[in-house]
Amino acid sequence: MSNIIEYEVKNHVGVITLNNPPVNALSVSKGLLQGILDALKQGDHDPAVRVFLLIGAGRNFSGGADISEFGKPPVPGMANLRDVLAYMDTITKPIVAAIAGPTMGGGLELALGAHYRCAITGAQIGLPEVKLGILPGAGGTQRLPRLVGAARGVEMIVSGDPVSTEKAHELGIVDEIVTGDLRASAIAFATRVVRESRPIRRASALAVAVDGDVDAFFTQARERIAREHRGYPAPLECLACVEAATRRPFAEGVKFERERFEHLVGTTESKALRHAFFAERAANKVRDLPDDTPLREIRTAAVIGAGTMGGGIAMNFANAGIPVKVLEAAQDRLDKGFETIRRNYAATVAKGRLSQDAMDRRMGLLTGVLSYDDIGDADIVVEAVFEEMDVKKDVFRKIDAAAKPGAILATNTSTLDIDEIAAVTSRPADVIGLHFFSPANVMRLLEIVRGAKTANDVIATSMKLAKTIRKVGVLVGVCDGFVGNRMVHAYFREAGFLLEEGALPQQVDRVMEEFGFAMGPFRVSDLAGLDIGWAIRKRQAATRDPNERYSTIADRICEKGRFGQKTGAGYYRYETGSRKPIPDPEIETLIVEASKEAGIERREIGDQEILERCVYQLVNVGAELLEEGIAQRASDIDIVYLYGYGFPRYRGGPMFYADTVGLDKVLDAVRGYEARFGRFWKPAPLLERLGSEGGRFNG
Ligand code: NAD
């Protein structure tokens with residue numbers, strides 16, 4: 001018997017302990033499941049055993065399947081979870097599972113195969129498979145609804161969100177909440193099962209309860225799920241499995257579940273979601289940082305500037321329980337900034353997502369200051385003032401003079417050269433870019449921009465800080481726009497060219513929304529405001545190469561005072577109080593005029609061309625960033641796009657998407673566009689190489 005399963009008989013209880021740290025993953029190859037099966041068989045024939053207890057060593061029962069075995073072929077001679085569950089359904093003695101800590105996926109499926117479940121407070125109990133584009137493939141979709149009813153079963157399996165011990169008890173997943181020492185209490189509960197001669201209660205033998213009409217329930221659920229999870233096949237398949245549990249005998253339902261599981265594993269969407277899952281973990285790792293890089297302690301923070309970004313950044317610290325001083329140039333701006341923060345928190349309280357107490361505590365961690373003398377004790381200072389080099393330099397000189405030795409000095413600049421900013425300080429090794437995305441208290445992405453002189457421990461501490469404040473940190477290098485904005489710039493530029501050549505904003509937006517973005521480029525522009533980009537372009541006008549293609553459409557729209565939603569008009573028009581974009585004939589006239597002046601004969605542009613030209617711009621610039629070493633790995637670029645730019649998760653990010661299309665095809669298309677449209681389509685050397693070698697960006 002494998003040593004990651006411990007088996008002992010105690011007071012007629014056959015105690016089977018899963019001991020596979022850190023989370024008791026249900027490993028096939030290590031023999032954990034075979035070990036459980038062997039112990040069950042041994043005990044089933046042992047007259048000294050009257051009941052079994054399945055329990056995890058350490059702090060949880062089981063976190064689920066061993067993710068490293070995902071998609072691997074079966075291991076000969078080793079039982080899998082389904083083998084164990086099938087045996088549990090025929091065993092002659094009752095089995096109790098002791099749930100604790102994260103009990104997820106296969107871990108919960110194993111517990112559902114037991115006949116009774118006790119759980120200790122603090123467990124998280126769920127079937128999160130849908131988040132990886134698959135479904136619980138070991139009877140979870142069949143047993144859970146039999147315990148909790150169709151509606152609750154659908155809710156848990158389709159959302160993938162876990163429930164607490166108490167909720168699981170209320171739902172009927174957990175029979176008994178135990179306290180104190182889990183092992184002792186669980187053994188006592190198992191003993192009681194025998195003493196009270198409770199029957200073997202197999203979930204597989206129950207019927208699924210449905211409130212009301214079965215047909216109506218599933219029809220409505222199908223419509224709702226299709227609407228809410230557009231582009232994701234797994235949620236509907238989960239529903240189909242619950243329906244099978246409701247309408248068919250258990251054995252047939254299990255077969256159906258298996259079939260749908262096998263189908264989903266092979267879908268591009270599931271591969272993309274699994275890619276996203278692993279990519280997020282990979283992003284944490286900095287290739288050239290030694291594992292033993294020390295960390296600096298971050299106990300207090302300061303933010304310079306209480307504007308749009310500064311306020312949101314300060315909230316992140318407060319949300320994580322880190323006291324933060326917010327410095328502004330004048331009292332009235334400070335007041336305005338704090339008012340916005342307060343309003344933001346109050347809105348969350350009003351929605352019931354934050355208690356008034358928690359809001360008060362967080363507000364209490366924020367202190368407004370006007371003098372640099374007050375930020376000297378901060379372990380990290382994040383600058384978020386106007387995007388102007390001279391202003392930033394002035395601020396960094398002041399931070400340098402005020403901050404204590406060892407403090408991390410960060411800038412939230414979107415475009416400026418971090419090395420140039422660092423150079424005005426006496427400690428460029430302490431300077432780093434922390435590029436938050438707007439709204440900074442909501443958006444998960446944090447580009448961590450490493451300067452030429454940034455010290456290793458500053459990088460390592462910033463990566464750790466990202467986690468502390470619940471962001472997804474991605475390390476990038478210095479260049480204009482870093483990873484995300486350099487790519488998005490090319491995307492918006494191409495979208496503008498498409499208008500000039502014959503498309504209208506609503507067509508481009510529709511194509512990108514059908515691809516899976518929540519909003520197409522022009523709706524995004526109207527939401528963000530067109531004036532900032534206009535100001536930047538006016539500043540750059542003098543240095544622009546007159547031979548380079550330039551679309552004037554955005555400028556023309558701004559010249560009409562149309563700055564997007566905030567002025568009631570931009571690429572679209574908006575009725576008062578509404579965010580619904582309405583196509584505007586005035587814009588069509590303006591665009592047609594711009595094409596004419598540019599000497600371009602407008603043509604019908606197909607959806608496929610629109611999609612390719614927008615997405616392949618991202619891909620081609622992404623390939624440049626990889627080759628230049630600005631991004632560490634292709635999957636980091638995908639993470640930037642998934643968390644910062646609303647790229648559809650089920651497509652895995654732009655680089656993964658290109659891999660799924662095939663880089664040879666992408667390269668062909670890019671070469672074709674280069675022949676038609678010139679230098680912005682010059683294939684990145686990395687794309688040329690991988691595209692002609694049959695390679696992929698993501699391994
Ligand atoms: P903002 O104009 O809303 O806020 C800037 C704040 O800085 C203002 O409140 C201003 O009073 C204050 N300020 C200016 N000079 C100061 C000084 N010398 N000392 C103290 N305070 C000073 O601008 P924002 O949108 O918050 O942008 C701030 C920074 O964040 C910029 O570098 C910008 O590029 C970057 N950024 C912005 C976004 C975005 O979407 N808005 C996204 C990422 C990064």
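Cut-offs used in this document
Residues numbered from 1 in each chain as written. Predicted model: local features only at pLDDT ≥ 70, side-chain atom pairs only at ≥ 80, totals over all residues. Heavy atoms only, no water. Pairing = 2+ DSSP bridges. Helix = DSSP H or I, 4+ residues; strand = E, 2+ residues; numbered from the N terminus. Axes fitted to C-alpha atoms, helices over the stretch in contact; angles between N-to-C directions. Patch = residues over 30% accessible without salt bridge, like charges linked within 9 Å, V, L, I, M, F, W, Y side chains within 5 Å. Areas by Shrake-Rupley, 256 points an atom, 1.4 Å probe, with all protein chains shown as cover. Salt bridge = Lys/Arg side-chain N within 4 Å of Asp/Glu carboxyl O. Lys, Arg positive; Asp, Glu negative; His and termini not counted. Charge placed at Lys NZ, Arg CZ, Asp CG, Glu CD. Buried < 20%, exposed > 50% of the residue type's maximum accessible area, 1.4 Å probe, protein only. Parallel < 35°, antiparallel > 145°, perpendicular 65-115°, else oblique. Left-handed = near helix turned anticlockwise from the far one by under 90°. Contact = heavy atoms within 4.5 Å. Nonpolar A, V, L, I, M, F, W, Y, C, P; charged D, E, K, R; others polar. Near = heavy atom within 4 Å. Polar contact = N/O pair within 3.5 Å; in protein donor to acceptor, adjacent residues only side chain to side chain. Domains from an automatic or database assignment.

Draft legend 1. Broad picture of the sheet that holds strand β10 (residues 301–304). What the 8 strands build is an open sheet, ordered β12-β11-β10-β13-β14-β15-β16-β17; its pairing is mixed. The two strands at the open ends of the sheet, each matched to only one other strand, are β12 (366–369) and β17 (472–477). Within the sheet, the average angular offset between the axes of one strand and its neighbour, ignoring direction, is 25 degrees.

Draft legend 2. Region of interest: a positive patch on the surface. A contiguous patch of positive charge on the surface is contributed by Arg 281, Lys 285, Lys 464 and Lys 467. On the secondary structure map, Lys 464 appears in helix α17 (residues 456–468). When its relative accessible area of 48% is taken as the criterion, Lys 464 is described as partly exposed.

Draft legend 3. Representation of the packing of helix α18 (residues 484–501) against helix α24 (residues 607–627) within the structure. α24 packs onto α18 with a crossing angle of 150 degrees between their chain directions and a minimal axis gap of 9 Å. The orientation of α18 relative to α24 falls into the category roughly antiparallel. Remark: the crossing between α18 and α24 carries right-handed chirality. Contacts between α18 and α24 involve Arg 486, Met 487, Val 488, Ala 490, Tyr 491, Arg 493, Glu 494, Ala 495, Phe 497, Leu 498 and Glu 501 on the former and, on the latter, Glu 609, Ile 610, Arg 613, Cys 614, Gln 617, Leu 618, Val 621, Gly 622, Glu 624 and Leu 625. A per-class count over the contact of α18 with α24 returns 12 nonpolar, 2 polar and 7 charged.

Draft legend 4. Inspection of the site of the ligand at higher detail. As a structural note, the neighbourhood of the ligand is formed by 22 residues, with Met 309, Glu 328, Arg 333, Glu 387 and Lys 392 the closest of them. Contacts to the ligand include Arg 333, whose side-chain N or O atom sits 2.6 Å from an oxygen atom. Note that an oxygen atom of the ligand is positioned 2.8 Å from one of the side-chain N or O atoms of Ser 414. When isolated, the ligand has an accessible area of 830 Å², and the protein chains bury 78% of it. Elements represented by at least two residues in the shell around the ligand include exactly α12 (308–319), α15 (389–402) and β15 (431–436). With 3 residues, α15 is the largest single contributor of residues to the shell around the ligand. Its residues placed into classes, the shell around the ligand shows 10 nonpolar, 8 polar and 4 charged.

Draft legend 5. Geometry of the sheet that holds strand β8 (residues 163–164). Strands sit in the order β5-β7-β8 across an open sheet of 3 strands; the sheet is mixed. If you trace the sheet from one side to the other, it starts and ends with β5 (102–104) and β8, each paired once. In the sheet, β5 pairs with strand β7 (residues 124–126) via 3 bridges, with the strands oriented parallel. Residue pairing across strands places Met 104 opposite Gly 126, the latter belonging to β7. Of the strands in this sheet, β5 and β7 touch helix α3 (residues 106–113), which is tilted by about 80 degrees from β5.

Draft legend 6. Spatial organisation of the domain arrangement of the protein. Domain boundaries assigned for the protein yield domain 1 (5–265) and domain 2 (301–476). Computed over C-alpha atoms, the centres of domain 1 and domain 2 are 44 Å apart.

Draft legend 7. A look at the side chain of Glu 609. Structurally, Glu 609 is set in helix α24. Non-local contacts of Glu 609, meaning those with residues more than four positions away in its chain, are made with Glu 501, Arg 603, Tyr 673, Arg 676 and Phe 677.

Draft legend 8. Structural view of the environment of Arg 651. Summarising the element assignment, Arg 651 is placed in the loop between α25 (634–644) and α26 (654–661). Discounting residues that sit within four places of it in the chain, Arg 651 has contacts with Ala 272, Glu 514, Phe 515, Phe 656 and Tyr 657.

Draft legend 9. View of the pattern of salt bridges. The final tally for this structure, using the stated rule, is 49 salt bridges. A salt bridge links Arg 427 to Asp 400; the shortest N-O distance between them is 2.8 Å. A residue pair is termed long-range when its members are at least 10 positions apart, and Arg 427 in the loop between α16 (418–423) and β15 and Asp 400 in helix α15 qualify at 27 residues. As far as burial versus exposure is concerned, Arg 427 and Asp 400 are alike and both buried. A salt bridge links Glu 514 to Arg 510; the nearest nitrogen and oxygen atoms lie 3.3 Å apart. One end of the pair is Glu 514 and the other is Arg 510, both in helix α19 (residues 505–515) and 4 residues apart, which spans about a single turn. Relative accessible area serves as the criterion here: at 48%, Glu 514 is assigned to the partly exposed category. For Arg 510, a relative accessible area of 34% corresponds to the partly exposed category. Because the salt bridges share partners, they merge into one network encompassing Glu 494, Glu 500, Glu 501, Arg 549, Arg 603, Glu 609, Arg 613 and Arg 676.

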